[in-house]
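Descriptive structure summary
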Amino acid sequence: MPTDGQPPFTRAACLAELLKTMFNLQSFTGSDHNSPSPVFDLATMHAVARIVSELPIPSSPPMSPPLSHAVHVLMCGPPKGWCTPALARILCSQVLELELATHVFPESPSPGVGPYTAKMAAASSATMTNNNDYAQSAGDRLSPLLHLLAHVYLAEAKRDDGNQSSSQVCEVLKALLVPKDLDRQVSIEHGRTLGHFVIRLLTYVESSALREAAEVLVFALCDNNGCAASTMVAHTGLGPSAGFLVNRGLLTEDILKAAGHDPKVNPITGQKEDEQADLKAEWEKMTDEEKEAEAEKLFVQFERLNKLGIIKAVDPTTGREIGR
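The sections below set out a description of the structure shown in this document. (Residues numbered from 1 in each chain as written. Predicted model: local features only at pLDDT ≥ 70, side-chain atom pairs only at ≥ 80, totals over all residues. Heavy atoms only, no water.)

**With respect to the packing of helix H2 (residues 42-54) against helix H4 (residues 85-104)**
Rule in force here: Under this scheme, a helix contributes an axis fitted over its contacting stretch, all axes are lines through C-alpha atoms, and angles between N-to-C directions fall in the 0 to 180 degree range. Each helix is a run of H or I in the DSSP string that is no shorter than four residues. Each strand is a run of E no shorter than two, and both are numbered from the N terminus. Each angle receives one of four descriptions, namely roughly parallel if under 35 degrees, roughly antiparallel if over 145, roughly perpendicular if within 65 to 115, and oblique otherwise. Throughout, a crossing is termed right-handed when the near helix is turned clockwise from the far one, and left-handed when it is turned anticlockwise from it by less than a right angle. Contacts: residue pairs with any heavy atoms within 4.5 Å of one another. Under this grouping Gly is polar, as are all residues other than the nonpolar Ala, Val, Leu, Ile, Met, Phe, Trp, Tyr, Cys and Pro and the charged Asp, Glu, Lys and Arg.
Remark: H2 packs on H4, axes separated minimally by 10 Å, with the N-to-C direction vectors making an angle of 55°. Taken together, the axis directions place H2 and H4 in an arrangement best described as oblique. In this structure, the crossing between H2 and H4 has a hand that is left-handed. Of H4, the residues touching H2 (which contributes Ala49, Val52 and Ser53) are Leu87, Ile90 and Leu91. Considering only residue class, the contact of H2 with H4 consists of five nonpolar, one polar and no charged.

Have a look at this one:
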């Protein structure tokens, strides 16, 4: 019985404690993904997967106990044989997408702000978020989920027993996380689909753990007969994937060519060039007064970024930093 002042011991709280205990057992068995703990056999994985499928998803944030503990347990056992297409959709659409849309890339419309100023404001806001350790906590919550999805995909893709569910799980993960029909008319930073969010994670500077987990996941999902690097660049554009590929020594001339496979898509940003023309047309439609107001807003944003240390404003005549 709970003591005075403590919340009641609910079914969800009981499951959270049980899953936490199971995860802690893993540290005493010395297991890893290549040699799963004997505690976490396939039957256990099925039971935990059922918990994830049947329990209501927490609202704020979704990746909180008992769901977060369940994800940690699933990472400790065999990565194949327990995931179903329905569970893959839950983890991607109901958990990951909701987390990214509400806690990592929240929508913040700014009426009256021009397209260039909006980008600068987003950059400075992200840094302020990081100062509050908000982005870091999101990275701690979500990076295990991204690693789990990568492990599941790689394990299911390698199965050669003709299991139809395995191929369906892989198809669901690819369709949701790296969709072929991703809307290229919308810039990556403005897109509000899971596919856009995943690409944005590749350049997410507020949490290195989250960015690196996203890189591993996208690279795994883009594996196409050993051509993961070129497929990744073709999907994301060179900009978001360049750092990861350089660090792994995979950025070759052939991959650079793959980035420009579609003449209508910007090889660096991965978006259609039509939007660049739209931005130019939008600028040309503005009156001189509106352009002046936009320039003033940009100046304010540059000042803010300079004070935060994101950029350094230098006097070109003296080479000294402005404001120092």
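**Some details on the packing of aromatic side chains**
The condition is simple: Each Phe, Tyr or Trp ring, with Trp reduced to its six-membered ring, pairs with another whose centre is within 6.5 Å; inter-plane angles below 30 degrees give stacked pairs, above 60 give edge-to-face pairs, and intermediate values give tilted ones. Think of it in three bands: residues with accessible area under 20% of the maximum for their type are buried, residues over 50% are exposed, and the middle band is partly exposed, with areas taken using a 1.4 Å probe on protein chains only. Any Lys NZ or Arg CZ found within 6 Å of a ring centre and within 35 degrees of that ring's normal is scored as a charge over the ring.
Evaluated as defined, the whole model comprises three aromatic pairs. Measuring from ring centre to ring centre gives 5.6 Å for phenylalanine 105 and tyrosine 204, while their planes differ by 80°; the resulting arrangement is edge-to-face. Within this pair, whereas phenylalanine 105 is found in the loop between H4 and helix H5 (115-131), its partner tyrosine 204 is found in the loop between helix H8 (194-201) and helix H9 (208-221), the two being separated by 99 residues in sequence. Overall, phenylalanine 105 belongs to the buried group, its relative accessible area being 7%. Residue tyrosine 204 is classed as buried on the basis of its relative accessible area of 6%. Within the aromatic cluster, the residues linked to one another by ring pairs are Phe105, Phe197 and Tyr204. One Lys or Arg, arginine 200, reaches over the ring of phenylalanine 105 and ends 4.1 Å from the middle of that ring.

**Some points on the pattern of salt bridges**
Filter applied, for reference: The working definition used for a salt bridge is a side-chain nitrogen of Lys or Arg within 4 Å of a carboxyl oxygen of Asp or Glu.
This structure, assessed with the given rule, holds three salt bridges. The salt bridge partner of glutamate 17 is lysine 20, with a shortest N-O separation of 3.6 Å. Taken together, the positions of glutamate 17 and lysine 20, both in helix H1 (residues 11-29) and three residues apart, correspond to about one turn of that helix. On the basis of relative accessible area, glutamate 17 is assigned to the partly exposed category, the value being 39%.

**Here we look at the nonpolar core**
We count it as follows: Buried residues of nine kinds, namely Ala, Val, Leu, Ile, Met, Phe, Trp, Tyr and Cys, make up a nonpolar core once their side-chain atoms join them within 4.5 Å.
Counting residues in each nonpolar core, the largest one holds 65 residues, and the members touching the most others are Leu173 and Leu177. At nine residues, helix H6 (residues 134-157) tops the list of elements feeding residues into this core. Excluding its chain neighbours within four sequence positions, the residues that come into contact with leucine 177 are Cys92, Leu96, Leu149, Leu194, Gly195, Val198, Leu217 and Leu221.

**Looking at the environment of proline 79**
When you line up the elements, proline 79 lands in the loop between helix H3 (67-76) and H4. The spacing of proline 79 and leucine 42 is 37 residues in sequence and 9.1 Å in space, taken between C-alpha atoms. Residues in contact with proline 79, not counting those within four places in the same chain, are His151, Val152, Ala155 and Glu156.

**Some points on the environment of glutamate 54**
How we decide: In protein, a polar contact requires one atom able to donate a hydrogen and another able to accept it; more generally it is a pair of N or O atoms within 3.5 Å, and residues adjacent in sequence count only if both atoms are side-chain atoms.
By the secondary structure assignment, glutamate 54 is in helix H2. Each C-alpha atom of the pair glutamate 54 and leucine 87 lies 9.7 Å from the other, and the pair is 33 residues apart in sequence. At 2.8 Å, the side chain of glutamate 54 and the side chain of arginine 50 are in polar contact.

**Here we look at the side chain of histidine 235**
For histidine 235, the location among the structural elements is in helix H10 (residues 228-236). When its relative accessible area of 10% is taken as the criterion, histidine 235 is described as buried. Not counting chain neighbours up to four residues away, the residues in contact with histidine 235 comprise Val178, Pro179, Leu182, Arg184 and Ile199.

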